[in-house]
Amino acid sequence: MSTQRKIILAGNWKMHKTVKESIELAQCVEEKLSKLPITVLLFPPFTAIYAVSKSLKWHIGIGGQNMYYEKEGAFTGEISPVMLKEAGAEYVIIGHSERRNIFNEKDQLLNKKVHSAIENALNVVLCVGEKLEERKSNRTKEVIEREIKEDLQGIKKQDLEKIIIAYEPIWAIGTGITAKPEEVAEVHRFIRTLLDDMFGKGAGSNMTILYGGSIKPNNIKSLADMNEIDGGLVGGASLQCESFYTIGKILSEVKA
Ligand code: PEP
């Protein structure tokens, strides 16, 4: 494996946790996962980012679950990259399927967000993934290709190190259905080939690519066993310290 790839466990808390609950969970994660040889990222709700980042001693990367691409302005309800950074975020998730599908975010908008995040020194976790009907009609690669090409349009090769890709098949998110490790590995390989074509040789093999979709303590091992999978973006199971820790422990044992 290339040295530029990292083993990452990321917890996306979605619209869960008050400020108090966020601090408690983040401190438990810090205490339990700080000895593991992996990078840990937490994505609390916006309201808790500042408090969580202030409450931690060990380095856990904190991020926003979304952002708007402008620095400031009349955009009621939105959060800017500058605000995220000031609150203590170093990362931002862009293109989560819940943003794409519930809030109708399109690739053109997501591309502006990726550019803005990088210009404002935030690392990006770019989520891509197909719907069930797209997989069933053999359109997975077509969808992934469109998302990667459009979302990363105009990005410079040297900026790829600020980007992590999370492959999250939409049918596996929050459903309890996990994609088969071999199916995930195939898509990850496809993404690496695509990146080589877009940015030149080596771009794909250097990219950290996570899997997301119903990761639990009882399925992480078979996913982590795949060389192509560099870690996980975890929703539901990141809301409890114990299950997130168990996932992190197994991930680090497999990848060590
Ligand atoms: C997610 O929110 O990105 C996710 C993968 O959720 P879950 O683990 O609950 O499927």
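Up top is the structure.
Worth saying up front: this structure is predicted, and the values here are computed from it rather than measured.

Engineer: It is not clear to me how the packing of aromatic side chains should be interpreted in this structure. Could you clarify?
Structural biologist: Pairs of aromatic rings are described using the distance from one ring centre to the other and the angle between the two planes. Under the definition given, this model contains two aromatic pairs. On the basis of an interplanar angle of 35° and a centroid distance of 4.5 Å, the ring pair of Y68 and Y69 is categorised as tilted. Owing to a relative accessible area of 22%, Y69 belongs among the partly exposed residues under this scheme. Judged by its relative accessible area of 17%, Y68 is buried. In this structure, R99 packs its charged tip against the face of F103, placed 4.0 Å from the ring centre.

Engineer: How should I be thinking about helix 1 (residues 19-33) in this particular structure?
Structural biologist: For an α-helix, the turn length of 3.6 residues means that residues three or four places apart are oriented alike. For helix 1, which comprises 15 residues, the first-to-last C-alpha distance of 21 Å matches the rise-based estimate of 21 Å (1.5 Å per residue) to within 8%. Listing the buried residues of helix 1 in full gives S22, L25, A26, V29, E30 and L33. Down the axis of helix 1, the buried side of the element spans an arc of 140°, and every buried residue falls inside it. Opposite its buried face, helix 1 presents the exposed residues K20 and E31, each directed more than 90 degrees away. Turning to helix 1, the residues buried within the fold contact strand 1 (8-12), strand 2 (39-43), helix 2 (46-55) and helix 10 (241-255).

Engineer: Even after reading the chapter, I still don't get the nonpolar core, so can you show me in this structure?
Structural biologist: Inside soluble globular proteins, nonpolar side chains tend to come together where they are buried. Within the largest apolar cluster, 67 residues are counted, with the highest numbers of intra-cluster contacts made by I163 and I191. Of the residues forming this core, the biggest block, seven residues, is contributed by helix 8 (residues 181-199). Among all residues touching I163, those that are not within four sequence positions of it are V114, I118, V124, L152, I155 and M207. Formed by twelve residues, the second largest nonpolar core is a distinct cluster that contains I8, F43, Y91 and I93.

Calculation criteria
- Residues numbered from 1 in each chain as written.
- Predicted model: local features only at pLDDT ≥ 70, side-chain atom pairs only at ≥ 80, totals over all residues.
- Heavy atoms only, no water.
- Phe/Tyr/Trp six-rings, centres within 6.5 Å; stacked < 30°, edge-to-face > 60°.
- Buried < 20%, exposed > 50% of the residue type's maximum accessible area, 1.4 Å probe, protein only.
- Lys NZ or Arg CZ within 6 Å of the ring centre and 35° of its normal.
- Helix = DSSP H or I, 4+ residues; strand = E, 2+ residues; numbered from the N terminus.
- Expected span 1.5 Å × (residues − 1).
- Arc of directions from axis to C-beta.
- Contact = heavy atoms within 4.5 Å.
- Core = buried A, V, L, I, M, F, W, Y, C linked by side-chain atoms within 4.5 Å.

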